[in-house]
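# Examining the three-dimensional arrangement
Letter by letter, the chains look like this.
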Amino acid sequence: MIKFRLYLDKDSETEWLNQMVEKGWAMKRFFAGFYQFERCEPGQYIYQVDFGSRLYHVSDDYREFMEDAGVEIVQLWGYWIILRRPAADGPFELYTDVDSTIEHYTKIRRMLHGVVALETLCLLMEVWVGIQGQPMGYAAVCLIGAFIAGCINESIRIRNIIEELRERKGNMVYNKTKKGFSSLLTVGLLMNACALALIGSVSDYIVAVIQVIAIMMMAAGLYISVRSARGRQ
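These lines cover the structure that appears in this document, whether it is placed above or below. (Residues numbered from 1 in each chain as written. Predicted model: local features only at pLDDT ≥ 70, side-chain atom pairs only at ≥ 80, totals over all residues. Heavy atoms only, no water.)

### So, helix 1 (residues 10-22)
Condition: Comment: elements are numbered from the N terminus, with helices defined as DSSP H or I runs of at least four residues and strands as E runs of at least two. In a helix, the anticipated span is given by 1.5 Å times the number of residues less one. Burial here depends on accessible area, computed with a 1.4 Å probe over protein chains only, as a share of the maximum for the residue type. Under 20% is buried, over 50% is exposed, and the range in between is partly exposed. The arc in question is the one spanned by the directions pointing from the helix axis to the C-beta atoms. Nitrogen and oxygen atoms within 3.5 Å of one another constitute a polar contact, given that in protein one can donate a hydrogen and the other can accept it, and given that sequence-neighbouring residues count only through two side-chain atoms.
Look at helix 1: 18 Å from first C-alpha to last across 13 residues, which is about the 18 Å you get at 1.5 Å a residue. If you check which residues of helix 1 are buried, you get Lys10, Glu13, Thr14, Trp16, Leu17, Met20 and Val21. Buried positions in helix 1, seen along its axis, are confined to an arc of 165° and lie on one side of it. If you check the start of helix 1, you find a side-chain oxygen 2.9 Å away from the backbone N of Asp11, and it comes from Asp9. Gly24, located one to two residues past helix 1, shows a positive phi value of around 95°.

This is the structure:
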């Protein structure tokens, strides 16, 4: 069985993989959002998602440590490392103390900041493509914009997790931040990207209808996001 999902939130991804195992489906392969599952005994495995320090690579020490612990490295994808261990071996947790958990989430947040910076440069390049009269350039702008918004939201979520962990240690905690961008804005950007990509393939009327709906959603999402930001000040 193959399912398509896109996750920036590795905690939600871990929860979903374990829910699938409970239903008797074990994830065995991943590629670009496509998860391949195979039949297993319900609850046979426990999955965890770790974050590495190098793209598509783990050190020999890391691999040996996991093997000694009875943990299988199921898939490497970018910095993500998808792991599993038989549930019969007992609970499976990667980070059990506050300091290591803070360090783990801090690494992920740094990676997200780097991705946002890189994607912002790509967005500016696509704006230039659009200015040159290529509609696909603006479609790419919308896609990249939606991705950037998702990365920023995930960075904010992780920041709040880190602050909660620091609070647990008795350290000073800053005001927690709610979600940065409304999902309406993201969905609107994706719809507009689809509309721009369809230019020339379907009737102009259909493209116009999709764009009107997309613009309304983007406007509503932007309003909600700005209002939320002002409410936090």
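Next comes the rest of the description.
### Re the pattern of salt bridges
Inclusion rule: Salt bridge, as applied in this entry: a Lys or Arg side-chain nitrogen positioned within 4 Å of an Asp or Glu carboxyl oxygen.
One pass over the structure, following the stated rule, counts seven salt bridges. For the salt bridge of Asp11 with Lys10, the shortest nitrogen-to-oxygen distance reads 3.6 Å. You can call Asp11 partly exposed: its relative accessible area is 23%. Residue Lys10 is classed as buried on the basis of its relative accessible area of 7%. The salt bridge involving Arg157 is made with Asp11; its shortest N-O contact spans 3.2 Å. Here Arg157, found in helix 4 (residues 135-168), pairs with Asp11, found in helix 1; they are 146 residues apart in sequence, far enough to count as distant. In the salt-bridge network here, residues are joined through shared partners; they are Asp9, Lys10, Asp11, Glu154 and Arg157.

### Focus: the nonpolar core
The condition that has to hold: Definition of nonpolar core: a set of buried residues of the types Ala, Val, Leu, Ile, Met, Phe, Trp, Tyr and Cys, connected through side-chain atoms within 4.5 Å. In this description, contact between two residues means that some pair of their heavy atoms is separated by no more than 4.5 Å.
Ranked by internal contacts, the top residues of the largest apolar core, which has 33 residues, are Leu17, Met27, Phe37 and Tyr47. Taken together, the elements giving at least two residues each to this core come down to helix 1, strand 2 (25-31), strand 3 (34-39), strand 4 (45-51), strand 6 (80-86), helix 3 (98-131) and helix 4. At eight residues, the largest contribution of residues to this core is made by helix 4. Every residue in contact with Tyr47, bar those within four places of it in the chain, is listed here: Thr14, Leu17, Asn18, Val21, Ala26, Met27, Val74, Ile82, Leu83 and Arg84. Core analysis: the second largest hydrophobic core is formed by nine residues, Val58, Met66, Leu76 and Phe92 among them.

### A closer look at the environment of Arg63
Relative to the helices and strands, Arg63 is located in helix 2 (residues 60-68). Its relative accessible area of 33% is what places Arg63 among the partly exposed residues. Sequence separation between Arg63 and Ile73 is ten residues; the distance between their C-alpha atoms is 7.8 Å. Arg63 has contacts with Val58, Ile73 and Leu76, leaving out every residue within four places of it along the chain.

### A short note on the sheet that holds strand 1 (residues 2-4)
The cut-off we apply is this: At least two bridges found by DSSP between two strands are what make those strands a pair. Between N-to-C directions, angles span 0 to 180 degrees; the directions come from axes that are lines fitted to C-alpha atoms, helices contributing only their stretch in contact.
Pairing within the open sheet is antiparallel, and its three strands lie in the order 1-3-2. For this open sheet the edge positions go to strand 1 and strand 2, each flanked by a neighbour on one side alone. Averaged over all neighbouring strand pairs, the angle between strand axes comes to 30°, with direction disregarded. The pairing of strand 1 with strand 3 spans three bridges and is classified as antiparallel. What sits directly across from Phe4, in strand 3, is Phe34. With respect to the sheet, helix 1 is in contact with strand 1, strand 2 and strand 3, its orientation differing from that of strand 3 by roughly 25°.

### Some thoughts on the layout of surface pockets
Note the cut-off: Every definition here rests on a 1 Å grid over the protein atoms only: cavities are sets of points where a 1.4 Å probe fits but cannot get out, pockets are open sets enclosed by protein on both sides within 12 Å along at least five of seven lines, and lining residues have some atom within 4 Å of a point. Grid points are joined across faces, edges and corners, and a volume is the space filled by probe spheres set on the points. Note that Gly is not counted as nonpolar here; it falls among the polar residues with everything else outside the nonpolar set of Ala, Val, Leu, Ile, Met, Phe, Trp, Tyr, Cys and Pro and the charged set of Asp, Glu, Lys and Arg.
In this structure, the largest pocket occupies an estimated 1100 Å³ of space. In terms of lining, the largest pocket is formed by 35 residues, of which the most central are Leu6, Tyr7, Leu8, Phe147 and Cys151. Sorting the residues of the lining of the largest pocket by element identifies helix 1, strand 6, helix 3, helix 4 and helix 5 (183-197) as the ones contributing at least two each. Tallying contributions element by element places helix 4 first for the lining of the largest pocket, with ten residues. Classifying every residue of the lining of the largest pocket by side-chain character gives 22 nonpolar, seven polar and six charged.

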